[in-house]
Amino acid sequence: QVQLVESGGGLVQPGGSLRLSCAASESIVSIVRMGWYRQTPGKQRELVATITSGGAINYADSVKGRFTISRDNAKDTVYLEMNSLKPEDTAVYYCNALKHLPYTRVYWGQGTQVTVSS
């Protein structure tokens, strides 16, 4: 059972920056893939960015070039650096983890609110 705790959300102005953190309850080297998803009311949860244990990274087209996902294995933490923020980025951001051992399972954090507004 992996517990994920997000932090770093808040209110920022358009064009501003924000860094989200996701702390895992166990070593992230044992987690196949971690990532960030976001959701707004009435819309399906969508992928923002993922990073595998091998370092492969994937971004949604809408955030490519503006957001950066990274990890710190020593701190068991994954980060999402968000730059050039737009009002359309407003959403609840969720941390996600995928494990294959002892069986395939997906874990979610409780989410952190990001609001981009002037």
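All values reported here derive from a predicted model rather than from experimental measurement.

K.L.:
For this particular structure, what's the right way to read the overall build of the protein chain?
P.N.:
Helix and strand content of the protein chain: zero helices and 11 strands. Going residue by residue from the N terminus, the α and β elements of the protein chain occur as β-β-β-β-β-β-β-β-β-β-β. In summary, the protein chain has a C-alpha radius of gyration of 14 Å against a globular reference of 13 Å for 118 residues, a match within 12%. Summarising its shape, the C-alpha atoms of the protein chain cover approximately 45 × 30 × 25 Å along the three principal directions. Counting only residues that meet the buried cut, the protein chain has 41% of its 118 residues in that class. Within the protein chain, counting contacts between residues at least 6 apart in sequence, those at least 24 apart form 53% of the total. A total accessible area of about 6300 Å² is found for the protein chain, and carbon and sulfur atoms account for 49% of it. Here the protein chain carries 12 positive and 9 negative side-chain charges, and the mean point of each set is 3 Å from the other.

K.L.:
Could you clarify how one ought to interpret unusual backbone geometry in this entry?
P.N.:
Working note: non-glycine residues mostly have negative phi, and peptide bonds are mostly trans. Here L101 and P102 are connected by a cis peptide whose omega angle stands at 5°. Within the fold, P102 resides in the loop between β9 (91–99) and β10 (105–108). Backbone geometry places S84, a non-glycine residue, at a positive phi of 50°. In this structure, S84 sits in the loop between β8 (77–82) and β9.

K.L.:
Help me understand the pattern of salt bridges in this model?
P.N.:
Where charged atoms from two side chains of opposite charge approach closely, those side chains can pair. Scanning the model with the defined rule gives six salt bridges in all. Where E46 meets R38, a salt bridge forms, and the shortest distance between an N and an O atom there is 2.8 Å. Its salt-bridge partner being D89, residue R38 comes within 3.0 Å of it at the nearest N-O pair. Remark: D89 occurs in the loop between β8 and β9 and R38 occurs in strand β4 (residues 33–39); sequence separation between them is 51 residues.

Rules used in this analysis
Residues numbered from 1 in each chain as written. Predicted model: local features only at pLDDT ≥ 70, side-chain atom pairs only at ≥ 80, totals over all residues. Heavy atoms only, no water. Helix = DSSP H or I, 4+ residues; strand = E, 2+ residues; numbered from the N terminus. Rg over C-alpha atoms; globule rule 2.2 N^0.38 Å. Buried < 20%, exposed > 50% of the residue type's maximum accessible area, 1.4 Å probe, protein only. Contact = heavy atoms within 4.5 Å. Areas by Shrake-Rupley, 256 points an atom, 1.4 Å probe, with all protein chains shown as cover. Lys, Arg positive; Asp, Glu negative; His and termini not counted. Charge placed at Lys NZ, Arg CZ, Asp CG, Glu CD. Salt bridge = Lys/Arg side-chain N within 4 Å of Asp/Glu carboxyl O.

Any functional reading would require information beyond the geometric quantities listed.
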